[in-house]
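Close look at the chain arrangement
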Amino acid sequence: MRLTKRVFPVALCMVAVAAAHAASRPNILFLLTDDQREGTLSIEGHPVIKTPNLDRLATDGVRFSNAYISNPICMPSRVSFLSGVYERVHGVGFSSRHELSMEQWNQTYPQILRRNGYYTGFIGKLGVDKYPFKNGRGGETFDFWCAHDGWAAFYPKGLKNCSAYKDLKADIVTPMMGEAFENFLEQRDEDKPFCLSVSFSAPHGSISGSMVPGESGKTRMTHPANETKRLAGHPIYGDLYRDIAIKLPEETGQDAGKFIPTELMKQDGRKNTYSFSYDRKTSLEQHYRYYQLITGIDHVVGQMLAGLEKRGLLENTIIIYSSDHGLLMGEYGMGGKALAYDLTAKVPFILYDPSLPKERRGAVLDAFVMNVDVAPTILAYAGLPEPKICQGRNLIPLLKNPAMPWRDAVFVENLFVGRDNPFVEAVRFKKWKYVRYFDHAGGWNYNDNQVDFGNKEPVFEQLFDLEADPQERNNLVESGAAPETLEMLRKRCRAESKAQIQLRNTVRK
């Protein structure tokens with residue numbers, strides 16, 4: 001029974017007032033996908049993928065057309081969503097030697113909200129890996145926990161790390177998220193506002209590559225997934241989109257060294273991990289599955305919206321939808337992420353605020369927003385200040401006044417050096433993008449001094465005129481064009497990089 005329908009004895013008056021204050025704050029639902037690049041919603045103009053429920057969310061809310069990730073790879077990006085700071089500052093990444101400390105964890109938005117009266121939950125892929133409450137201990141820091149460490153599979157039951165899902169009725173990972181969402185709504189404390197984070201594993205390659213049981217490594221995507229009995233005739237994961245002629249990137253299977261020198265980025269690590277992106281036949285199968293998985297997410301989001309609506313919660317729930325990074329699917333002759341191209345660093349971003357005036361709903365804002373903006377925005381909706389070290393910005397003022405002064409550019413870094421990746425930094429303006437690369441001596445890890453580029457010269461640079469070359473194919477550094485612009489962007493990139501190191505040194509004293 002809801003607070004507004006109860007009759008409280010006089011002796012409980014103070015409790016009632018406190019509960020009413022908590023109930024007046026909005027619920028918050030943060031939806032995060034894995035490997036979903038910008039442009040993959042039908043409302044964004046994708047020629048194949050249909051996402052009617054996400055389109056509805058964007059039509060009733062606001063969509064940002066220039067949303068970027070601070071570091072386009074899973075773990076550091078997810079920590080940045082939670083904390084509002086870059087990897088260089090929080091220190092947690094696949095190649096870093098740091099582990100997220102309990103002190104840092106206590107400064108993430110779920111923990112701040114929990115300390116301030118919110119009922120908190122987490123469903124799906126945490127994706128942080130280096131944190132202090134691993135091995136099923138998520139219930140120690142969340143009121144509701146139905147999640148996993150590491151990677152899942154399309155059929156996750158039976159995986160040790162996915163034991164949280166063993167009692168769910170669904171057997172496919174994305175519908176499981178919808179089922180767990182219903183369980184959360186049924187179990188939540190109705191006298192508190194809630195903050196729920198739902199992290200989908202799809203459309204990550206661990207999911208698309210496991211739709212056919214037995215596929216692994218270089219055998220992934222070699223057969224149409226709908227040839228298996230379990231998926232034949234499935235309304236989403238069966239024949240959907242397979243009758244459409246999909247146009248693959250022209251460079252699929254070609255030499256990636258035309259774009260990034262082979263001596264800097266050997267590609268062997270990527271080819272072993274994303275083998276399906278390097279062959280036109282398997283790349284086509286990857287596209288079909290990738291598109292289906294996004295529509296599968298959309299279907300579950302529709303169920304979530306219906307669940308909120310049925311309970312009268314939709315008009316008091318803030319919803320944010322985004323992804324941890326983008327993905328290359330044959331473009332530039334490559335697969336994977338961990339680079340500064342828009343296809344890896346740019347993501348969908350929708351913010352639904354039911355209090356937004358009708359005339360502002362459905363707007364598409366081209367202001368630069370980032371994953372580090374999510375934490376301060378969520379805290380602001382809850383009426384709470386952001387931590388002092390937060391590098392992101394609260395988006396609520398921008399919603400109210402899209403013409404307000406805002407970022408003129410975004411700074412993107414990649415510090416993941418496994419799989420033959422170099423260090424990468426970039427500044428991206430509306431018209432220009434400058435990218436610089438630093439080689440790594442080898443191995444999987446870096447030391448803190450190796451990501452201080454203050455006295456180092458890049459081994460490779462790129463400059464793109466995004467108005468003339470939105471696909472980022474024509475590197476103007478090679479032609480010597482726009483030398484004044486190049487030098488200006490070099491200075492800006494050095495300044496942004498230096499600021500990261502200065503903040504890191506302040507925080508870690």
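Residues numbered from 1 in each chain as written. Predicted model: local features only at pLDDT ≥ 70, side-chain atom pairs only at ≥ 80, totals over all residues. Heavy atoms only, no water.

**Digging into the layout of surface pockets**
- The space that makes up the largest pocket amounts to roughly 830 Å³.
- For the lining of the largest pocket, the elements supplying multiple residues, two or more each, are α10 (280–310) and α11 (342–345).
- In terms of residue count, α10 provides more of the lining of the largest pocket than any other element does, 3 residues in total.
- Among the residues making up the lining of the largest pocket, the classes are represented as 14 nonpolar, 6 polar and 13 charged.
- Reported here for the second largest pocket is a volume of approximately 400 Å³.
- Along the wall of the second largest pocket there are 30 residues; nearest its centre are Trp151, His204, Gly205, Ser206 and Arg220.
- Within the residue set of the lining of the second largest pocket, elements represented by two or more residues are α8 (205–208) and α10.
- The element best represented in the lining of the second largest pocket is α8, accounting for 3 residues.
- Looking at the lining of the second largest pocket, its residues break down into 14 nonpolar, 10 polar and 6 charged. (1 Å grid on protein atoms, 1.4 Å probe; cavity = no way out; pocket = protein on both sides within 12 Å on 5 of 7 lines; lining within 4 Å. Points joined across faces, edges and corners; volume = space filled by probe spheres on them. Helix = DSSP H or I, 4+ residues; strand = E, 2+ residues; numbered from the N terminus. Nonpolar A, V, L, I, M, F, W, Y, C, P; charged D, E, K, R; others polar.)

**Digging into the packing of helix α7 (residues 173–187) against α10**
- Put simply, α7 and α10 touch, their axes get as near as 9 Å, and they point 15° apart. Considering the angle they form, α7 stands roughly parallel to α10. Note that α7 runs across α10; the crossing there is right-handed. In contact with Thr174, Pro175, Met177, Gly178, Phe181, Glu182 and Leu185 of α7, α10 contributes Gly296, Ile297, Val300, Met304, Gly307, Leu308 and Lys310. (Axes fitted to C-alpha atoms, helices over the stretch in contact; angles between N-to-C directions. Parallel < 35°, antiparallel > 145°, perpendicular 65-115°, else oblique. Left-handed = near helix turned anticlockwise from the far one by under 90°. Contact = heavy atoms within 4.5 Å.)

**Re the pattern of salt bridges**
- In this structure the tally under the stated criterion is 31 salt bridges.
- For the salt bridge of Asp143 with Arg114, the shortest nitrogen-to-oxygen distance reads 3.1 Å. One end of the pair, Asp143, is in the loop between β3 (119–125) and β4 (144–148); the other, Arg114, is in helix α6 (residues 109–115), and 29 residues separate them in sequence.
- On the basis of relative accessibility, which here comes to 29%, the residue Asp143 falls in the partly exposed class.
- For Arg114, a relative accessible area of 28% puts it in the partly exposed group.
- Lys431 is paired through a salt bridge with Glu467; the nearest N and O atoms lie 3.4 Å apart. One end of the pair, Lys431, is in the loop between β13 (423–428) and β14 (432–438); the other, Glu467, is in the loop between β15 (460–465) and α14 (476–479), with 36 residues separating them in the sequence.
- Within the structure, one salt-bridge network assembled from shared partners comprises Asp34, Arg78, Lys125 and Asp324. (Salt bridge = Lys/Arg side-chain N within 4 Å of Asp/Glu carboxyl O. Buried < 20%, exposed > 50% of the residue type's maximum accessible area, 1.4 Å probe, protein only.)

**Considering the environment of Ala58**
- Mapped onto the elements of the fold, Ala58 is located in helix α2 (residues 52–60).
- Once the C-alpha coordinates of Ala58 and Leu351 are considered, the two residues, 293 residues apart in sequence, prove to be 7.3 Å apart.
- Residues contacting Ala58, with those up to four places away along its chain left out, are Ile43, Arg63, Ile350 and Gly362.

**Let's talk about the side chain of Asp149**
- Relative to the assigned elements, Asp149 resides in the loop between β4 and α7.
- Nearest to the buried, unbridged Asp149 among oppositely charged side chains is Lys134, at 5.0 Å.
- Look past the residues within four positions of Asp149 in its chain and what remains in contact with it is Leu126, Tyr131, Lys134, Asn135 and Asn161. (Lys, Arg positive; Asp, Glu negative; His and termini not counted.)

**So, the confidence of the model for the protein**
- For the protein, mean pLDDT is 93; residues scoring 70 or higher make up 95% of the total.
- Here residues 1–22 scores under 50 on pLDDT; set against residues more than four positions off or in separate chains, the count is 16 contacts. (pLDDT = per-residue confidence, 0-100.)

**Digging into unusual backbone geometry**
- Across the junction of Ala202 and Pro203, the peptide omega takes the value 0°, indicating a cis bond.
- Residue position: Pro203 is located in the loop between β5 (194–199) and α8.
- The backbone of Asp35 sits at a positive phi, close to 75°, despite the residue not being glycine.
- Considering the arrangement of structural elements, one finds Asp35 in the loop between β1 (27–33) and α2.
- Positive phi is not limited to glycine here, since Ala338 has a value of about 60°.
- Within the fold, Ala338 resides in the loop between β8 (335–336) and α11.
- Residue class for Ala338 comes out buried when judged on its relative accessible area of 2%.

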